Amino acid sequence: MDAYDEGSNARHGPDTPGRPAVPGERGAPADSAEPVAPLGPAEPSGPAGPLGPAEPVAPLGPVEPYPPGEPRTGVAALSLRYQVGVALALAVVAIGVCVHLGMTFLHVAPVNTVTRAHGEAVDEWIYPEFEQNWKLFAPNPLQQNISIQVRAGVRGPDGMTQTTGWYDLSAEDGHAIDGNLLPSHTQQNELRRAWDFFVATHDGENRPVGLRGSLSESYLRRIMVLRLDRDDAVRAATGGAGVIERVQVRSRTSDVPPPEWSREKVSMTPSYRELPWWTVPQDEARGGVR
């Protein structure tokens, strides 16, 4: 019986479920002072890998967009119809910018084949809103202040003619522009362009050169009459009713003072260019010009 037990213990070892191991017996642990807890049921695991059993694999759920929970912004947040509208609007703006840049380039470029064939279309696009003035970048930029002044001969109710003082129209326009975020095109350019038109069509003796000379005189004279009527020059001269019989225009040119660090010396004495007296037609004098 002992031989059978020893053989049985040798065959099954101390962990044989049929008989617990006895301390000191052959095959039993030498230092097992504490009882050995029985093995519980094995937990399910995945397939065993080369380094041991793999961790349990969680079932796959629905795939969330990355980053999770972040809403779409900008154009992507719009519906397809609005996205198409935005794309078309951007395309129209891009085409308009390209056309404007092309027209501006042709306007400032030297005369070429394209401007000879389509010069009128380029001018219609540029003038008057997009006119280019490159004098700021010229080798000799403008260094003078030119102001336009006018005075009038006013006939009062008694038949006597009174001469007004000089009205500085350029100073009035400058005062209207100063501090104005959106000055009108008239305040900025009407008087200046009218004077440039006159100077370009007259010689140094104020005699017209070419067919446009008389046109420039009429244009400048009418502007003067309108401005004098706006300033109420008739009432200032006669104290009441009256009409403007004639006007005289002059320009006052003064050099811009150089900066303090410059060694340039300029004369600070202004120069004047007086035009002859112009007779005002009756229809203009009585308010026919608007």
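Refer to the structure above for everything that follows.
As the structure is a prediction and not an experimental result, all values here were calculated from the model.

What counts, and at which threshold
- Residues numbered from 1 in each chain as written.
- Predicted model: local features only at pLDDT ≥ 70, side-chain atom pairs only at ≥ 80, totals over all residues.
- Heavy atoms only, no water.
- Helix = DSSP H or I, 4+ residues; strand = E, 2+ residues; numbered from the N terminus.
- Buried < 20%, exposed > 50% of the residue type's maximum accessible area, 1.4 Å probe, protein only.
- Contact = heavy atoms within 4.5 Å.
- Areas by Shrake-Rupley, 256 points an atom, 1.4 Å probe, with all protein chains shown as cover.
- 1 Å grid on protein atoms, 1.4 Å probe; cavity = no way out; pocket = protein on both sides within 12 Å on 5 of 7 lines; lining within 4 Å.
- Points joined across faces, edges and corners; volume = space filled by probe spheres on them.
- Nonpolar A, V, L, I, M, F, W, Y, C, P; charged D, E, K, R; others polar.
- Phe/Tyr/Trp six-rings, centres within 6.5 Å; stacked < 30°, edge-to-face > 60°.

**Student:** Would you mind showing me how to read the overall build of the chain here?
**Tutor:** Counting its secondary structure elements, the chain contains eight helices and eight strands. For the chain, the proportion of its 290 residues judged to be buried stands at 20%. In the chain, the proportion of contacts linking residues at least 24 apart, taken out of those at least 6 apart, comes to 57%. A total accessible area of about 22,000 Å² is found for the chain, and carbon and sulfur atoms account for 58% of it.

**Student:** Explanation requested: the layout of surface pockets in the structure shown.
**Tutor:** Remark: the empty space left among the atoms is shown by a probe the size of a water molecule rolled over them. The volume enclosed by the largest pocket comes to roughly 660 Å³. Leu-142, Ile-146, Arg-192, Trp-195 and Asp-196 are the residues nearest the centre of the largest pocket, which is lined by 22 residues in total. Counting residues per element, the ones that place at least two in the lining of the largest pocket are strand E3 (144–155), helix H4 (169–177) and helix H5 (185–200). Here the element with the most residues in the lining of the largest pocket is H5; it accounts for nine residues. Of the residues that constitute the lining of the largest pocket, the class distribution is seven nonpolar, nine polar and six charged.

**Student:** Explain the packing of aromatic side chains here, please?
**Tutor:** For any pair of aromatic rings, geometry is given as the distance between the ring centres together with the angle between the planes. This structure, assessed with the given rule, holds two aromatic pairs. When the ring of Trp-195 is compared with that of Phe-198, the centres are 5.7 Å apart and the planes differ by 25°; the resulting orientation is stacked. Separated by three residues within a single helix, Trp-195 and Phe-198 lie in helix H5, roughly one turn from each other. Taken as a pair, Trp-195 and Phe-198 share a single burial class, namely buried. Ring-pair connections join several aromatic residues into one group, and the members of that group are Trp-195, Phe-198 and Trp-278.

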